[in-house]
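Fold and contact review
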Amino acid sequence: MGRVLAIVYRVIETHLVHKAGLTRTSGRTGAVTLIQRFGSALNLNIHFYMLFLDGVYVMDKYPLAFRRVKPLTDSELAGLVQEISQRIGRYLERQGLLVRDIENSYLTVEPTEESAMGNLLGHSISYRIAIGPQAGRKAFTLQTVLTRGSAPGSGKIPATDRPVNL
């Protein structure tokens, strides 16, 4: 899991450094990652919270200078999510944990059993619709909940552990 977190950190850090007008060698940011192992009902629900600085430190000056960057726009956030998901997908492929479906541009995992439950489980872990007229179609969704006071386009990233499919 450490490698996946490193991918997420590197993508976000690179974005912040470039947004500040620096390169990865001349600017650095910082972050804290919290691991939450359980959901609100004490169910196993491992997830991570990453808290980043809102700027970067200029490394080629002494004393270090902090350069604040503007909040993420909706399009920047969407781009970061896309880049992170692609990089993590490629990493999981290289590790042999996922296999790319040649006919489609998304990753898939084949069900291991030919029973009805095995079929449902296989569709579930590969984010596909299992039954009905849309069976077999990709069902991967972003999950988020807007918090009170934050509106779409406000640049604020909601912090909640109650996902809702959009």
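Our subject is the structure listed above.
Figured I'd write up the structure that's included with this text.

Definitions and limits used
- Residues numbered from 1 in each chain as written.
- Predicted model: local features only at pLDDT ≥ 70, side-chain atom pairs only at ≥ 80, totals over all residues.
- Heavy atoms only, no water.
- Helix = DSSP H or I, 4+ residues; strand = E, 2+ residues; numbered from the N terminus.
- Buried < 20%, exposed > 50% of the residue type's maximum accessible area, 1.4 Å probe, protein only.
- Contact = heavy atoms within 4.5 Å.
- Core = buried A, V, L, I, M, F, W, Y, C linked by side-chain atoms within 4.5 Å.
- Polar contact = N/O pair within 3.5 Å; in protein donor to acceptor, adjacent residues only side chain to side chain.
- Pairing = 2+ DSSP bridges.
- Expected span 1.5 Å × (residues − 1).
- Arc of directions from axis to C-beta.

Some thoughts on the environment of L44
With respect to the helices, strands and loops of the structure, L44 is situated in strand β3 (residues 44-52). Overall, the relative accessible area of 64% leaves L44 in the exposed class. Setting aside anything within four residues of it in sequence, one finds L44 in contact with R37 and F38.

Observations concerning the nonpolar core
Ranked by internal contacts, the top residues of the largest apolar core, which has 18 residues, are I12, L16, L22, V56, I84 and I88. Of all elements in the fold, only α1 (2-19), β4 (55-58) and α2 (74-94) reach the threshold of two or more residues within this core. Among the elements that take part in this core, α1 stands out by supplying seven residues, more than any other. When residues no more than four places from it in sequence are discounted, the contact partners of I12 are F52 and I84.

Describing the side chain of H47
Inspection of the secondary structure puts H47 in strand β3. Here N45 takes part through its backbone oxygen, which lies 2.6 Å from a polar atom of the side chain of H47. Within polar-contact distance, the side chain of H47 engages the side chain of Y49 at 3.4 Å.

What to know about the pairing of β3
In terms of strand pairing, strand β2 (residues 31-38) meets β3 through seven bridges, oriented antiparallel. Residue pairing across strands places T33 opposite M50, the latter belonging to β3.

Observations concerning the sheet that holds strand β1 (residues 27-28)
Strands sit in the order β1-β4-β5 across an open sheet of three strands; the sheet is antiparallel. Looking along the sheet, the strands with just one partner apiece sit at the ends: β1 and β5 (65-68). Sheet topology places β1 next to β4; two bridges connect them, and they run antiparallel. Counted as the bridge partner of R28 is Y57 from β4.

Structural notes on α2
The terminal C-alpha atoms of α2, which comprises 21 residues, lie 30 Å apart, in line with the 30 Å expected from a rise of 1.5 Å per residue. Residues of α2 that are buried include every one of L80, I84, I88, G89 and Y91, and no others. Projected down its long axis, α2 carries its buried residues within an arc of 160 degrees, all on one side. In α2, the exposed positions that point more than 90 degrees away from the buried face belong to S75 and R94. Looking one or two residues beyond α2, the residue adopting positive phi is G96, at roughly 80 degrees.

Points about the pairing of β4
By the bridge criterion, four bridges tie β4 to β5 in an arrangement that is antiparallel. By the bridge assignment, V58 is partnered in β5 with A65. Linking β4 back to β5 in an antiparallel pair, the connection comprises six residues.

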